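The residues making up each chain are set out below.
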Amino acid sequence: MKLDSAGLQVLSHEECMRLLPSCPIGRIVFTDRALPAVLPVNFCLDGDDIVIRTAAGSKLAAATRRAVVAFEVDDFHPVERTGWSVTVIGLAHVADEPAEIARLERLPLTPWARSRDQFIVITTVEATGRRLRQLA
């Protein structure tokens, strides 16, 4: 088991990708008018790609067109003082090809908020993660 300088377990790419779909909500980090912005979103995986839905014309859809973004998911247990965090860095695009949109519509991704008719796909470039275990 590889540990970082703080004593946290370093997760492999495979473990990061396995943990991602275990939580229903993640956070997308993008740039909005030259400032960092973070939005909670529900998502699903399509292979190693992260898929989210947004409204056409939203600032999220505009800000993520061919942009480098971060996506983060975590799960912590405060009483046990255990948990993990996974961060994905990737290139985002709004799905605009009819065949891609038709395929994405078949994914198990139902928006929690009002109608979301546009798909954002984040192509994973790097996935990193850490796990905190109880001290012995």
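A quick note: this is a predicted structure, and the numbers were derived from the prediction, not measured.

Section: the overall build of the chain
Then comes step 1: Counting its regular elements, the chain contains 3 helices and 8 strands.
Then comes step 2: For the chain, the succession of helices and strands along the chain, N to C, is β-α-β-β-β-β-α-β-β-α-β.
Then comes step 3: For the chain, the C-alpha radius of gyration of 16 Å lies close to 14 Å, the compact-globule estimate for 136 residues.
Then comes step 4: In terms of its C-alpha atoms, the chain occupies a principal-axis envelope of roughly 55 × 35 × 25 Å.
Then comes step 5: Burial analysis of the chain (136 residues in total) assigns 41% to the buried set.
Then comes step 6: Across the chain, the fraction of contacts at a sequence separation of at least 24, relative to all contacts at a separation of at least 6, is 68%.

Notes on the side chain of histidine 93
Then comes step 1: Counting through the fold element by element, histidine 93 comes out in strand β7 (residues 82–94).
Then comes step 2: Its relative accessible area of 14% is what places histidine 93 among the buried residues.
Then comes step 3: Here the side chain of histidine 93 touches glutamate 100 through a polar contact of 3.1 Å, side chain to side chain.

Criteria and cut-off values
Residues numbered from 1 in each chain as written. Predicted model: local features only at pLDDT ≥ 70, side-chain atom pairs only at ≥ 80, totals over all residues. Heavy atoms only, no water. Helix = DSSP H or I, 4+ residues; strand = E, 2+ residues; numbered from the N terminus. Rg over C-alpha atoms; globule rule 2.2 N^0.38 Å. Buried < 20%, exposed > 50% of the residue type's maximum accessible area, 1.4 Å probe, protein only. Contact = heavy atoms within 4.5 Å. Polar contact = N/O pair within 3.5 Å; in protein donor to acceptor, adjacent residues only side chain to side chain.

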